[in-house]
Amino acid sequence: MVSVLSLAWQTIRSRLGGFAGAFIAILCGTALVAACGVLMESGLRAGVPTQRYAAAAVVVGGAQTVRPPGADALSFEQVGEQPAVPAELAGRIAGLPGVRTAVAEQSFPARVVTGDGRVLGGAESLGHNWDAAVLAPFTLRGGQAPAAPGEVVLDAALARDAGVGVGGQVRIATRSTPSVFRVSGIVDAMARQPAVFFTPEKAVELAGRPGQAHAIGVLADPGVAPEALAERVRAVAPGTEVTTGVERSSVEFLDVSQTRTLLLAIAGSFGGFALLVAVFVVASTLALTINQRRREFALLRAVAATPRQIRKLIGTETTVVALAAGVLGSVLGLAVASGLRDAFAAIGVVPADFGLAISPIPLVAALLLGLGAARLAAWAASRRPSTINPVEALTEAAVERRELGRARLITGWSLVLAGFGGALVPLFLRGDVATATSTMSTLVVVIGLAVVGPQVTGLVVRFLAPVLARVWRISGYLAGANAHANARRVAAAVTPLMLAVAFALATFYSQTSSTEAARQEAERSTTADYVLAGPGGVSPEVAAAVRRVPGVAVATPVVRTSVLTASTVGDSVEVQRKPAQGLAADQAGGALELGVDAGRLTDLTGDAVALSRSEADWLDKKPGDEVEFYFGDGVPAKLRVVATYTHDLAFGDFVLPVELARQHTGGRLDDSVLVRREPGADAEAVASALRALPYPGLVVAPAASASAPEGGDRQAQFYLNLVAVGVIVGYLAISVANTLVLTTAQRGREFALLRLVGTTRRQVTRMMRLEAVATVGIAVVLGTLVAVVPLALLNAGLRGTPLPAGPLSVYFGITGGAVLLGMVAIGVATRVALRARPIDAIGLRE
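Rules of the game
- Residues numbered from 1 in each chain as written.
- Predicted model: local features only at pLDDT ≥ 70, side-chain atom pairs only at ≥ 80, totals over all residues.
- Heavy atoms only, no water.
- Helix = DSSP H or I, 4+ residues; strand = E, 2+ residues; numbered from the N terminus.
- Buried < 20%, exposed > 50% of the residue type's maximum accessible area, 1.4 Å probe, protein only.
- Contact = heavy atoms within 4.5 Å.
- Axes fitted to C-alpha atoms, helices over the stretch in contact; angles between N-to-C directions.
- Parallel < 35°, antiparallel > 145°, perpendicular 65-115°, else oblique.
- Left-handed = near helix turned anticlockwise from the far one by under 90°.
- Nonpolar A, V, L, I, M, F, W, Y, C, P; charged D, E, K, R; others polar.
- Patch = residues over 30% accessible without salt bridge, like charges linked within 9 Å, V, L, I, M, F, W, Y side chains within 5 Å.
- Areas by Shrake-Rupley, 256 points an atom, 1.4 Å probe, with all protein chains shown as cover.
- Salt bridge = Lys/Arg side-chain N within 4 Å of Asp/Glu carboxyl O.
- Lys, Arg positive; Asp, Glu negative; His and termini not counted.
- Charge placed at Lys NZ, Arg CZ, Asp CG, Glu CD.

Participant: What should I look at first to understand the overall build of the protein in this one?
Facilitator: The helix and strand tally for the protein stands at 27 helices and 27 strands. Each principal axis of the C-alpha atoms in the protein carries an extent, and together these give about 100 × 75 × 55 Å. Going through the 846 residues of the protein one by one, you find that 53% of them count as buried. Taking the intrachain contacts of the protein between residues at least 6 apart in sequence as the baseline, contacts between residues at least 24 apart amount to 81%.

If you want it as structure tokens, here you go:
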């Protein structure tokens, strides 16, 4: 073992340039995997500092996830709306040993309105009951606690912005028109959200949740450990979320709880892609490095080295390089994770103050995964050099093997066919499944083409070589002959560049296409003239007030929410969140056209629901049947199907009665109101009357500006994918440059021989430029074709046209970047290789 390790170390030292490529590939791959591990751990343990519950040892809230009966530990989904907890639970908890007091806290939208109609605090401003102030605790700066229904306590920031002090009057809007309250006191402001405190009785009235509370805060007796107290609380509060420490913030802030689940999903999917790409890149780089040493391995076989010894030598070399790269890459992963967190915060996917949980576990896991990927790649790459027949060793070393093995050809072309077969899925399925399948099919096709790369590039070069020779004569002939004779080398350079182009194009344009399909369907289906919206939502009274405006024919409130479904797939239970909305049955038909194909939308009252045609087919439901699911806040539902519709891209898979949808959203507010004028009504007069309604912050806009129900989620998902794709494409760009430099730098003796037989330096440089053009051209063309086929099928299924939606400039940016990267990498490596004198370079060993 010592002799093999010593030989491996000497080989690495003498071939630093060759092993540098493998080192960089493993380093970057390990950093990506480590970053995903940090994000995953943060989804399990991290959060933001709690504010309203800082003094509470334990906080009890509604269940933050839905796990149906019979589901395993990994089959759950995060709720989309703020869940409630029974207020009477506070009395039971208060009687437990070690509990000093337990307070049920109410939380609801409460916005301060200035004299000129401005709304202070926006969607983040919340009202609470004053007896819950002890959970922070909030300390009065001045004045006293609210003692009458008409009194409030403001935080200092709101009081300052409103220009009021103790004893002053302020207008506050909750779920109705603004009411006047007297400011009885002022408390310190919180960093994350403005707060308004009412008397306990008034807060319960304004919250609109009889018998329910946002959370229950538990204050402990001195010396009682929070975890011990939490166990006692769990015993009397089954089905709730009992939290301590940083996890209290997941009950206080819904976005924190959603962020934790989102990070788990991101780390899982993004990490899987990153690991797959890392294995692919490391394997490609190691195969290239080992292929450059054909003469060395041939000589070892000729002097009686056994195949096992060759494989052991390659494995030891790879282990040494992978350990060094893995340790550095794991540490670098901390910086990558921090950068990803900042990028996600910048696009609004995670809160800006969400911290990362750091421990050695994801770093060690990334190191082991990187080492395992490198050893697997080394084993695959060492098979051919270790099995060279000693008699044929020198011949095998001098001439590149042209044909591919039958197993490799079958595997590669099977992957290509499977990928293109998967690209047909969007012709039969719609929604996110179609988009994800389209992107995945592109990746599968690229991997298949990489497996049969030498055969594909050989065919292309066979037709390209005569063209090069005819146009550029000597340099063109040399470029074509080199590419034709070294198809494996060309394939090694083409593959990562093709992967980068195809992956970037497929991911970007699949998202823009699905978003455009939803937008077009929403635009075609919206027959309203105006949409009314406001910061944080619209009062449920607005729709009724609008109907009383002269010239208004229809006014339907819209509540955007989500539901959670559970379906049995094989032996497991799959939980999914589906977009949904609430509509007023008697008004919806005049403002929206859902494409109802069975049943009647006017029956959408009480315990009823309308399903999209695709969802109804999946659940095998029809009008009159009952369907079971969970509301956005996790409450189980069993409703009667009254209609099915086809415009699911625009309106989601579930349509609920607006009253029912409103009951299961945190603020009990509408998201918007769609308004249609009566025929012949004056447009400007109606718009002016709508703007004059006594609801501060109400914005009247053309209905064309209303997006699809899940438009905000789509945009967030789009930007999230851009960040993830940017990181992976950046890794691929490093791999591309790495591979191109390696394939060019190894040709120093070839360049020297060409110059010694009379070829000028300029002709060699032109030859390499033509080879670079051929390499990047093949990669860009193949990458484009691989991405275009799934994208065309996706758009045909979603939009009825094969042309992808999205700016053409992005395509030219991606392909132009690939061309520039390839040309620069090959050009720089060529200039370095040509620096040595031919007589010196010809004597260098390979």
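Here the narrative resumes.
Participant: Just to check I follow, could you spell out the packing of helix H14 (residues 432–451) against helix H25 (residues 761–799) for this structure?
Facilitator: Between two packed helices, the angle of one axis relative to the other and the distance separating the axes together describe the packing. With their axes 9 Å apart at the nearest point, H14 and H25 run at an angle of 155° to one another. Here H14 lies roughly antiparallel to H25, going by the angle between them. Note on packing geometry: the crossing formed by H14 with H25 is right-handed. Seen from H14, the contacting residues are Ala434, Thr435, Ser438, Ser441, Thr442, Val445, Val446 and Leu449; seen from H25, they are Val786, Ala787, Pro790, Leu791 and Leu794. When the residues that make up the contact of H14 with H25 are grouped by side-chain class, the tally is nine nonpolar, four polar and no charged.

Participant: Is there a simple way to explain a positive patch on the surface in this structure?
Facilitator: Taken together, the side chains of Arg761, Arg762, Arg766, Arg769, Arg831 and Arg835 present a region of like positive charge at the surface. Checked against the element boundaries, Arg831 lands in helix H26 (residues 808–833).

Participant: Even after reading the chapter, I still don't get a nonpolar patch on the surface, so can you show me in this structure?
Facilitator: Together, Leu424, Leu427, Phe428, Leu429 and Val433 make up a nonpolar patch on the protein surface, roughly 490 Å² of accessible area in all. Along the polypeptide, Leu427 turns up in the loop between helix H13 (406–422) and H14. Overall, the relative accessible area of 40% leaves Leu427 in the partly exposed class.

Participant: Sorry, what's going on with the environment of Ser184 here?
Facilitator: Relative to the helices and strands, Ser184 is located in strand S13 (residues 179–187). Distance in space between the C-alpha atoms of Ser184 and Arg100 is 28 Å, their sequence separation being 84 residues. Non-local contacts of Ser184, meaning those with residues more than four positions away in its chain, are made with Gly142, Gly143, Gln144, Ala145, Pro146, Glu151, Val152, Val153 and Val166.

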